[in-house]
Amino acid sequence: MEQQYKMIATTLFGLEPLLKDELEKINAKKIQIGNRCVYFTGNNELMYRANIQLRTALKILKEISIFKSKNEHELYKNINRIKWDKIMTTSQTFSVTSTVNSKYFSHSNYVSLVTKDAIVDQFRKKYNKRPSVDLKNPDFNIHIHISNNNCNISLNSSGKSLHKRGYRTNRFTAPMNEVLAAGMVLLSGWNKQQNLINPMCGSGTLIIEAGLIAKNRAPNIFRNNFSFQNWNDYDNILFNNLKIDIRNREVEFQNNIVGFDISASAIAMARQSVESIKLNDIIKIQGKNFFKSNGEENSIILINPPYGKRIALKQDYYKQLGDTLKQNYINTDAWIISSELEQLKKIGLKPSKKIKLFNGALECKLVKYELYKGSKKFNKFQSE
Ligand SMILES: C[S@@+](CC[C@H](N)C(=O)[O-])C[C@H]1O[C@@H](n2cnc3c(N)ncnc32)[C@H](O)[C@@H]1O
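On a predicted model such as this, the values are computed, not experimentally measured, just so you know. (Residues numbered from 1 in each chain as written. Predicted model: local features only at pLDDT ≥ 70, side-chain atom pairs only at ≥ 80, totals over all residues. Heavy atoms only, no water.)

Participant: In this structure, what is going on with the overall build of the chain? I would like to understand it.
Facilitator: In terms of helices and strands, the chain carries 11 helices and 15 strands. The C-alpha atoms of the chain give a radius of gyration of 23 Å, which matches the 21 Å a tight globule of 384 residues would have. Dimensions along the principal axes, computed over C-alpha positions, put the chain at roughly 80 × 45 × 40 Å. Out of the 384 residues in the chain, the part that is buried amounts to 51%. Summing over all exposed atoms, the chain offers an accessible surface of approximately 18,600 Å²; the carbon and sulfur share of this is 47%. Computed over 58 positive and 34 negative side-chain charges, the separation of the two mean positions in the chain equals 3 Å. (Helix = DSSP H or I, 4+ residues; strand = E, 2+ residues; numbered from the N terminus. Rg over C-alpha atoms; globule rule 2.2 N^0.38 Å. Buried < 20%, exposed > 50% of the residue type's maximum accessible area, 1.4 Å probe, protein only. Areas by Shrake-Rupley, 256 points an atom, 1.4 Å probe, with all protein chains shown as cover. Lys, Arg positive; Asp, Glu negative; His and termini not counted. Charge placed at Lys NZ, Arg CZ, Asp CG, Glu CD.)

Participant: Could you clarify how one ought to interpret the site of the ligand in this entry?
Facilitator: Near the ligand, the surroundings consist of 21 residues, among which Ser 203, Thr 205, Asp 261, Asn 304 and Tyr 317 are the closest. Contacts to the ligand include Thr 205, whose side-chain N or O atom sits 2.5 Å from an oxygen atom. In the model, a nitrogen atom of the ligand is placed 2.8 Å from a nitrogen or oxygen of the Asn 289 side chain. Protein contact buries 92% of the 600 Å² of open area that the ligand shows by itself. (Near = heavy atom within 4 Å. Polar contact = N/O pair within 3.5 Å; in protein donor to acceptor, adjacent residues only side chain to side chain.)

Participant: Sorry if this is basic, but what is going on with the pairing of strand S1 (residues 5–10) here?
Facilitator: The side chains of a regular strand alternate, first on one face of the sheet and then on the other. Strand direction decides the pairing type here: S1 and strand S3 (residues 37–42), joined by 6 bridges, are antiparallel. Counterpart to Tyr 5 in the pairing with S3 is Gly 42. Here S1 runs beside strand S4 (residues 59–68); their pairing, made up of 4 bridges, is antiparallel. The residue bridging Thr 10 from the neighbouring strand is Lys 59, located in S4. (Pairing = 2+ DSSP bridges.)

Participant: Any chance you could explain the pattern of salt bridges here in plain terms?
Facilitator: Side-chain pairs of opposite charge can arise where the charged atoms are in close proximity. As enumerated under the stated definition, the model contains 16 salt bridges in all. Through salt bridges that share partners, Glu 45, Arg 49, Asp 245 and Arg 249 make up one connected network. (Salt bridge = Lys/Arg side-chain N within 4 Å of Asp/Glu carboxyl O.)

Participant: What is the right way to look at the packing of helix H3 (residues 72–81) against helix H4 (residues 108–127) in this model?
Facilitator: Working note: a packed helix pair is described by the angle between its axes plus the distance between those axes. Direction vectors running N to C along H3 and H4 enclose 40 degrees, while the axes themselves pass 9 Å from each other. With respect to H4, the axis of H3 lies oblique. In this structure, the crossing between H3 and H4 has a hand that is right-handed. Two secondary-structure elements touch here, H3 through Glu 72, Leu 75, Tyr 76, Ile 79 and Asn 80 and H4 through Tyr 110, Val 111, Val 114, Thr 115, Asp 117, Ala 118, Ile 119, Asp 121 and Gln 122. Classifying every residue of the contact of H3 with H4 gives 8 nonpolar, 3 polar and 3 charged. (Axes fitted to C-alpha atoms, helices over the stretch in contact; angles between N-to-C directions. Parallel < 35°, antiparallel > 145°, perpendicular 65-115°, else oblique. Left-handed = near helix turned anticlockwise from the far one by under 90°. Contact = heavy atoms within 4.5 Å. Nonpolar A, V, L, I, M, F, W, Y, C, P; charged D, E, K, R; others polar.)

Participant: What is the right way to read the packing of aromatic side chains from this model?
Facilitator: The geometry of an aromatic ring pair is captured by two quantities: the separation of the ring centres and the angle between the planes. A complete count under the given rule lists 15 aromatic pairs for this structure. Ring centres of Phe 228 and Tyr 234 lie 6.1 Å apart, and the angle between their planes is 45 degrees; on these two criteria the pair is classed as tilted. Residues Phe 228 and Tyr 234 agree in their burial class; the two are buried. Connected via pairs of aromatic rings, a cluster forms that spans Tyr 48, Phe 226, Phe 228, Tyr 234 and Phe 239. In this structure, Lys 278 is placed above the aromatic ring of Phe 222, and the distance from its NZ or CZ to the ring centre is 4.4 Å. Above the ring of Phe 260, the side-chain terminus of Lys 288 is found at 4.7 Å from the ring centroid. (Phe/Tyr/Trp six-rings, centres within 6.5 Å; stacked < 30°, edge-to-face > 60°. Lys NZ or Arg CZ within 6 Å of the ring centre and 35° of its normal.)

Participant: Sorry if this is basic, but what is going on with the sheet that holds strand S8 (residues 150–156) here?
Facilitator: Within a beta sheet, neighbouring strands are joined by backbone hydrogen bonds and run either parallel or antiparallel to one another. Pairing is mixed in the open sheet, where 8 strands are placed in the order S2-S3-S1-S4-S8-S7-S5-S6. Only two strands of the sheet have a single partner each, and these edge strands are strand S2 (29–33) and strand S6 (132–133). The strands touched by helix H2 (residues 44–53) are S1, S3 and S4; relative to S1, the strand with the most contacts, the crossing angle is about 5 degrees. Where H4 meets the sheet, its contacts fall on strand S5 (93–101), S6 and strand S7 (140–147), and the angle it forms with S5 comes to roughly 140 degrees.

Participant: Please explain the nonpolar core as it appears in this structure.
Facilitator: Across soluble globular proteins, nonpolar side chains have a tendency to be buried as a group. Within the largest apolar cluster, 59 residues are counted, with the highest numbers of intra-cluster contacts made by Trp 190, Ile 257, Leu 321, Leu 325 and Ile 337. Sort the elements by how many residues they give to this core and helix H6 (residues 205–214) lands first, with 7 residues. Both domains that meet at this core, namely domain 1 (5–156) and domain 2 (178–217 + 256–383), each give it at least three residues. Leave out the neighbours within four places in its chain, and Trp 190 touches Val 185, Asn 195, Leu 196, Ala 210, Ala 214, Phe 253, Ile 257 and Ile 300. Val 111, Phe 226, Tyr 234 and Leu 242 belong to the second-largest nonpolar core, a separate cluster that totals 50 residues. (Core = buried A, V, L, I, M, F, W, Y, C linked by side-chain atoms within 4.5 Å. Domains from an automatic or database assignment.)

Participant: What am I meant to see in the sheet that holds strand S14 (residues 353–359) here?
Facilitator: Taken together, 7 strands build an open sheet; the order of strands is S11-S10-S9-S12-S13-S15-S14 and the sheet is mixed. Each of the sheet's edge strands pairs with one partner strand only, and the pair in question is strand S11 (283–287) and S14. Within the sheet, the average angular offset between the axes of one strand and its neighbour, ignoring direction, is 20 degrees. Relative to strand S15 (residues 362–370), strand S13 (residues 333–338) is paired through 6 bridges, and the arrangement is antiparallel. By the bridge assignment for S15, Ile 336 is matched with Val 367. Across the sheet, H6 lies against strand S9 (195–199), strand S10 (257–261), S11 and strand S12 (299–303), angled at about 175 degrees from S10, the strand it touches most. Strands in contact with helix H8 (residues 264–276) are S10 and S11; relative to S11, the strand with the most contacts, it is inclined by about 170 degrees.

Keep in mind these numbers describe shape, not what the thing actually does.
In structure tokens:
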């Protein structure tokens with residue numbers, strides 16, 4: 001049987017259970033939820049698959065060594081025990097990143113430096129030459145995680161974070177992280193039998209992630225710069241066959257995904273991104289003011305409105321948002337994500353669900369409002 005090894009998929013706070021479900025679907029084994037990560041085991045094929053297919057993962061790390069160290073000397077020795085020339089050559093480049101939560105080590109940069117020194121000293125001693133460090137675009141990214149005296153060394157198989165799907169063609173003021181957007185669509189429980197409407201779509205992250213889900217298209221199917229492609233065991237035939245298999249599992253989508261925004265530049269950016277990921281057949285983008293828009297029956301509404309912290313807002317903005325939902329979006333489910341926790345209260349509807357998430361460093365709430373005529377909650381707010 002092909003070699004199985006331990007891996008860690010990192011993610012954003014609150015998305016761990018979704019990531020666990022995704023890992024189960026691709027047949028990962030020994031799955032266990034951690035803090036902003038999920039542990040699992042698998043072989044090379046599963047590692048390639050995880051990088052291409054997982055919607056809620058940021059990075060896939062392959063564990064190469066675990067040991068205990070209480071100070072820099074022990075750390076240096078233990079790093080030096082790993083046979084680095086089995087992993088990379090002197091003509092390749094590398095970087096070291098660290099996360100540290102320990103009473104023995106206080107600075108992650110220092111941990112990275114000691115690790116880097118141990119690696120280059122080993123090469124120098126044996127070959128009189130050393131691989132260079134490249135912080136921007138290294139062939140290998142070595143990750144060290146220290147929790148008290150437990151040290152875990154892994155190779156980052158993804159390279160750049162997996163939220164960088166490659167479809168974002170321009171810079172936008174307040175884009176949502178792609179992994180968070182995919183998480184929001186999955187958390188909404190959208191069953192693809194309804195239309196999905198995304199007012200205030202901005203650069204289109206939510207509609208694109210919804211479109212990928214609708215077609216069962218893998219989020220990183222067009223990406224061709226995973227770090228594992230630089231590894232000496234990289235199997236190009238396996239990678240290409242896997243991509244063919246994954247594309248063959250795409251499906252037709254019969255309903256509509258509609259995004260609209262008031263800003264012409266946002267619409268232009270969203271259209272460009274939708275085209276670059278080849279989803280223009282199922283996603284429609286319109287120029288429209290949400291406050292003058294109407295919903296459709298049998299649809300789900302996802303909104304990522306402006307946050308005052310990033311974009312200046314009028315005082316009654318969230319109240320107006322709630323009024324529009326109450327008056328024009330009857331008989332739909334609406335999900336709103338915002339870091340404006342006080343402003344959200346001004347919406348004037350009772351949420352049926354609240355989920356804590358983070359958009360970058362901003363703590364957010366993802367809130368669900370059920371706008372069904374006849375339901376007690378809705379009638380109460382209509383008469384207020
Ligand atoms: C936080 S951004 C959305 C970001 C988006 N999720 C993305 O990933 O790019 C909010 C968007 O709401 C739009 N917006 C603000 N007020 C609006 C209104 N009344 N009607 C439609 N769009 C509006 C802004 O132009 C902006 O693009």
